[in-house]
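Structural overview
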Amino acid sequence: MAEEQFDRAVTDFIWNIVELHSQLEAIHKSWAQMLGMTEPQWLILMAIDELDRGRGVSGIAVANKLRIHAAFVTNQTKKLENMEFLTRVTSPDDARFLQISLTQKARAEITKLSEKREALYSTMFGGLDEESLDYLNRRLTSIAKNSRLASQKLNIGVL
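Described below are features of the structure shown in this document.

The rules behind the values
- Residues numbered from 1 in each chain as written.
- Predicted model: local features only at pLDDT ≥ 70, side-chain atom pairs only at ≥ 80, totals over all residues.
- Heavy atoms only, no water.
- Axes fitted to C-alpha atoms, helices over the stretch in contact; angles between N-to-C directions.
- Helix = DSSP H or I, 4+ residues; strand = E, 2+ residues; numbered from the N terminus.
- Parallel < 35°, antiparallel > 145°, perpendicular 65-115°, else oblique.
- Left-handed = near helix turned anticlockwise from the far one by under 90°.
- Contact = heavy atoms within 4.5 Å.
- Nonpolar A, V, L, I, M, F, W, Y, C, P; charged D, E, K, R; others polar.
- Expected span 1.5 Å × (residues − 1).
- Buried < 20%, exposed > 50% of the residue type's maximum accessible area, 1.4 Å probe, protein only.
- Arc of directions from axis to C-beta.
- Polar contact = N/O pair within 3.5 Å; in protein donor to acceptor, adjacent residues only side chain to side chain.
- Salt bridge = Lys/Arg side-chain N within 4 Å of Asp/Glu carboxyl O.
- Core = buried A, V, L, I, M, F, W, Y, C linked by side-chain atoms within 4.5 Å.

**Observations concerning the packing of helix 2 (residues 39–51) against helix 3 (residues 59–66)**
Contact geometry of helix 2 with helix 3 gives a least axis separation of 10 Å together with a crossing angle of 110°. In terms of orientation, helix 2 and helix 3 fall into the roughly perpendicular class. Both helix 2 and helix 3 take part in a crossing whose hand is right-handed. Contacts from Leu43, Ile44, Ala47, Ile48, Glu50 and Leu51 in helix 2 reach Ala61, Val62, Lys65 and Leu66 in helix 3. Looking at the contact of helix 2 with helix 3 residue by residue, the class counts come to eight nonpolar, no polar and two charged.

See below:
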């Protein structure tokens, strides 16, 4: 009986994640449309905003954050640069790489959306305090790490 309950809890968890992913995808698509871009382009902007510590960020770091191919990031950042949302400059440390940063235009557009984002987050996370979110994030980080390991084991035939 305990194994059955565990299986049910795991199945419920997975379907909740599928639902959450679907809702987040729709939300990201809406944000992207407000800025006249695609959902992947919006996610690239958000990743750059998250990762950039004042010196720009590499396309590889963005690709790793989003778990997508670096060539796709390169292609999309060129488009975002043409739309004046990004600047791409040669890295002073290694001329083979570009450092990508948001432009003032991108920062202004993101700031314009911040009030809506705060309302959205308030709705999504209503009833959860900072401690609860921290606990949930720690558990999800652990599950994500374990799921990467499980996926690797599955791919090499260990599972």
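**Some thoughts on helix 4 (residues 70–82)**
With 13 residues, helix 4 should cover 18 Å at 1.5 Å per step; its first-to-last C-alpha distance of 19 Å lies within 8% of that length. Along helix 4, the positions that sit buried rather than exposed are Val73, Gln76, Thr77 and Leu80. For helix 4, the angular spread of buried residues about the axis comes to 105°, placing them on one side. The elements touched by buried residues of helix 4 are helix 2, helix 3, strand 1 (86–90) and strand 2 (98–102). Among the residues trailing helix 4, Glu84 stands out with phi positive, at a value near 70°.

**Digging into the side chain of Thr103**
Tracing the chain through its elements places Thr103 in the loop between strand 2 and helix 5 (104–124). Residue class for Thr103 comes out buried when judged on its relative accessible area of 13%. Engagement of the side chain of Thr103 in a polar contact is seen with the backbone oxygen of Glu84, the distance being 2.7 Å. Excluding residues that lie within four positions of it along the chain, Thr103 makes contacts with Glu84, Phe85, Leu86 and Thr87.

**A few points about the pattern of salt bridges**
Across all of its chains, the model carries seven salt bridges by this definition. Of the charged contacts, one joins Arg138 and Asp134 as a salt bridge, the two residues approaching to 3.1 Å between their closest N and O atoms. Linking Arg138 with Asp134, this pair stays in helix 6 (residues 130–155), spanning four residues, or about one helical turn. In this structure Arg138 comes out as partly exposed when scored by relative accessible area, which is 42%. Taking the relative accessible area as the measure of exposure, Asp134 reaches 41% and is therefore partly exposed.

**Observations concerning helix 1 (residues 2–34)**
Its 33 residues place the ends of helix 1 48 Å apart at the C-alpha level, agreeing with the 48 Å of an ideal helix rising 1.5 Å per residue. Considered for burial, the residues of helix 1 that qualify are Ile27, Trp31 and Ala32. For helix 1, the secondary structure elements touched by its buried residues are helix 2 and helix 5. Gly36 occupies a position one or two residues after helix 1 and carries a positive phi of about 75°.

**Quick word on the nonpolar core**
Counting 23 residues, the largest nonpolar core has Met37, Trp42, Leu45 and Ile48 as its most contacted members. Sort the elements by how many residues they give to this core and helix 2 lands first, with six residues. Beyond its immediate stretch of four places on either side in the chain, Ile48 contacts Val57, Val62, Leu86, Ile100, Ser101 and Leu102.

**Brief notes about the environment of Asn137**
Looking at the secondary structure, you find Asn137 in helix 6. Separated by 94 residues in sequence, Asn137 and Leu43 place their C-alpha atoms 20 Å apart.

**Regarding unusual backbone geometry**
Backbone geometry at Arg67 places phi at a positive 60°, although glycine is not the residue there. Summarising the element assignment, Arg67 is placed in the loop between helix 3 and helix 4. On the basis of relative accessible area, Arg67 is assigned to the exposed category, the value being 58%. The backbone of Glu84 sits at a positive phi, close to 70°, despite the residue not being glycine. Its place among the elements puts Glu84 in the loop between helix 4 and strand 1.

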